[in-house]
Amino acid sequence: MTAFSPEAKIRAFDRIAACCLNHNFGTLGKADFELLLFSIYLDNARETGAPTDDYTISRELGLTQQRVRGLKIKQHLRDGNDIDWKRMLAQQASKPHYSQDERYIMLTFDEPAVMIEVQHYIEQKGGFVDFSFNPKVLKMPIQSFALLMVELGIEKDEEACLKTLNRIWLEENDEHEKLTKPTMQQRLKNGSIKFLKSAVNEVALMLINGGLSGMV
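Bear in mind the structure is a predicted one, so any value in this text is a computation, not a measurement. (Residues numbered from 1 in each chain as written. Predicted model: local features only at pLDDT ≥ 70, side-chain atom pairs only at ≥ 80, totals over all residues. Heavy atoms only, no water.)

**Examining the confidence of the model for the protein**
Looking at the protein, the pLDDT average stands at 84 and 91% of residues meet or exceed 70. Mean pLDDT values for the elements of the protein range from 66 in strand β3 (residues 130–131) up to 94 in helix α3 (residues 54–61). In this model residues 212–216 is a low-confidence stretch, pLDDT under 50, and it forms 16 contacts with partners more than four residues away in sequence or in other chains. (pLDDT = per-residue confidence, 0-100. Helix = DSSP H or I, 4+ residues; strand = E, 2+ residues; numbered from the N terminus. Contact = heavy atoms within 4.5 Å.)

**Remarks on helix α2 (residues 30–48)**
Taking 1.5 Å of rise per residue, 19 residues should cover 27 Å, and α2 covers 27 Å from first to last C-alpha, within 8% of that figure. Where α2 is concerned, the buried positions are Leu35, Leu36, Phe38, Ser39, Ile40, Tyr41, Leu42, Asn44 and Ala45. Buried residues belonging to α2 abut α1 (6–20), α3 and α4 (65–79). Just past α2, the residue Gly49 takes up positive phi, approximately 80°. (Expected span 1.5 Å × (residues − 1). Buried < 20%, exposed > 50% of the residue type's maximum accessible area, 1.4 Å probe, protein only.)

**Describing the pattern of salt bridges**
Overall, the coordinates contain 14 salt bridges when judged by the stated rule. The partner of Arg69 in a salt bridge is Asp54, and the shortest N-O contact between them spans 3.2 Å. Of this pair, Arg69 sits in helix α4 while Asp54 sits in helix α3, and the two are 15 residues apart along the sequence. Salt-bridge contacts for Lys136 lead to Asp110; the nearest nitrogen and oxygen are separated by 3.3 Å. In this pair, Lys136 is assigned in the loop between β3 and β4 (137–141) and Asp110 in the loop between β2 (104–108) and α6 (112–124), connecting sequence segments 26 residues apart. According to the relative accessible area criterion, Lys136 is buried, its value standing at 17%. Put simply, Asp54, Arg69, Lys72, Asp110 and Lys136 are held in one network by salt bridges that share partners. (Salt bridge = Lys/Arg side-chain N within 4 Å of Asp/Glu carboxyl O.)

**Notes on a nonpolar patch on the surface**
A cluster of nonpolar residues, Phe13, Leu21 and Phe25, forms a patch on the protein surface that exposes about 380 Å² of accessible area. One can find Phe25 in the loop between α1 and α2. (Patch = residues over 30% accessible without salt bridge, like charges linked within 9 Å, V, L, I, M, F, W, Y side chains within 5 Å. Areas by Shrake-Rupley, 256 points an atom, 1.4 Å probe, with all protein chains shown as cover.)

**Remarks on the layout of surface pockets**
One number sums up the size of the largest pocket: a volume of about 310 Å³. Lining the largest pocket are 16 residues; nearest its centre among them are Lys125, Gly127, Ser144, Leu147 and Leu148. Mapped by element, the contributors of at least two residues to the lining of the largest pocket are α6, β4, α7 (142–172) and α8 (181–190). The greatest single-element share of the lining of the largest pocket, amounting to six residues, is contributed by α7. (1 Å grid on protein atoms, 1.4 Å probe; cavity = no way out; pocket = protein on both sides within 12 Å on 5 of 7 lines; lining within 4 Å. Points joined across faces, edges and corners; volume = space filled by probe spheres on them.)

**Digging into unusual backbone geometry**
In this model, Asn22 sits at a positive phi of 50°, which is unusual for a non-glycine residue. Its location among the elements puts Asn22 in the loop between α1 and α2. By relative accessible area, Asn22 is classed as exposed at 61%. Look at Glu102: it is not a glycine, yet its phi comes out positive at around 65°. Here Glu102 lies in the loop between β1 (97–98) and β2.

**Focus: the nonpolar core**
Within the largest apolar cluster, 41 residues are counted, with the highest numbers of intra-cluster contacts made by Leu89, Phe145 and Met149. Those elements that provide at least two residues to this core are α5 (85–93), β2, α6, β4, α7, α8 and α9 (193–208). If you tally residues by element for this core, the top one is α7, at 13 residues. With sequence-adjacent residues up to four places away left out, Met149 is seen in contact with Leu89, Ala90, Ala93, Val200, Val203, Ala204 and Leu207. Counting seven residues, the second largest nonpolar core, distinct from the first, contains Leu35, Ile57, Val68 and Leu71. (Core = buried A, V, L, I, M, F, W, Y, C linked by side-chain atoms within 4.5 Å.)

Below you can see the structure in the form of structure tokens.
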């Protein structure tokens, strides 16, 4: 069982007291109380570095993995916890799985909130997400995913991101044309698998390290 420090126990009681005392006794429904306890458990696990995968939590709490995943989604929607989904996406992108022909990239997420945020971001940009039968798996064409990662890198630090991608391009091609944001997008759409995979890996490492400027 995930251990709670004395300070964590105090914070947990304060959260319960805020919902159940101060003229609120008996007003909190069973489902809401269970979600509150789950939120306290999950937040503590994240803070202490304990495993937060569906299997481990289901074993500890005696719930099905489907129920655990549903509670994670409810907690994300109810608490509005600001997860760093871009960093979590980059962490998975740095160790991806590719289809046999390397045309598709597949990433696995135990945190459903990341999938929700990634899907929303892609759809806002006019793209789409292909979910497999496994709700934890995100599958995308490598060109589309490379464009997604570069978009995130440019949002973080456009100059440094383009500089890094120019270096990758020149290592593979004899052209000395300086790539700009519009031409880089075209190169990604028509680039080789090797170039796309390198672009994904480089930008992922940049995002993981919390900033692009120091990586070029």
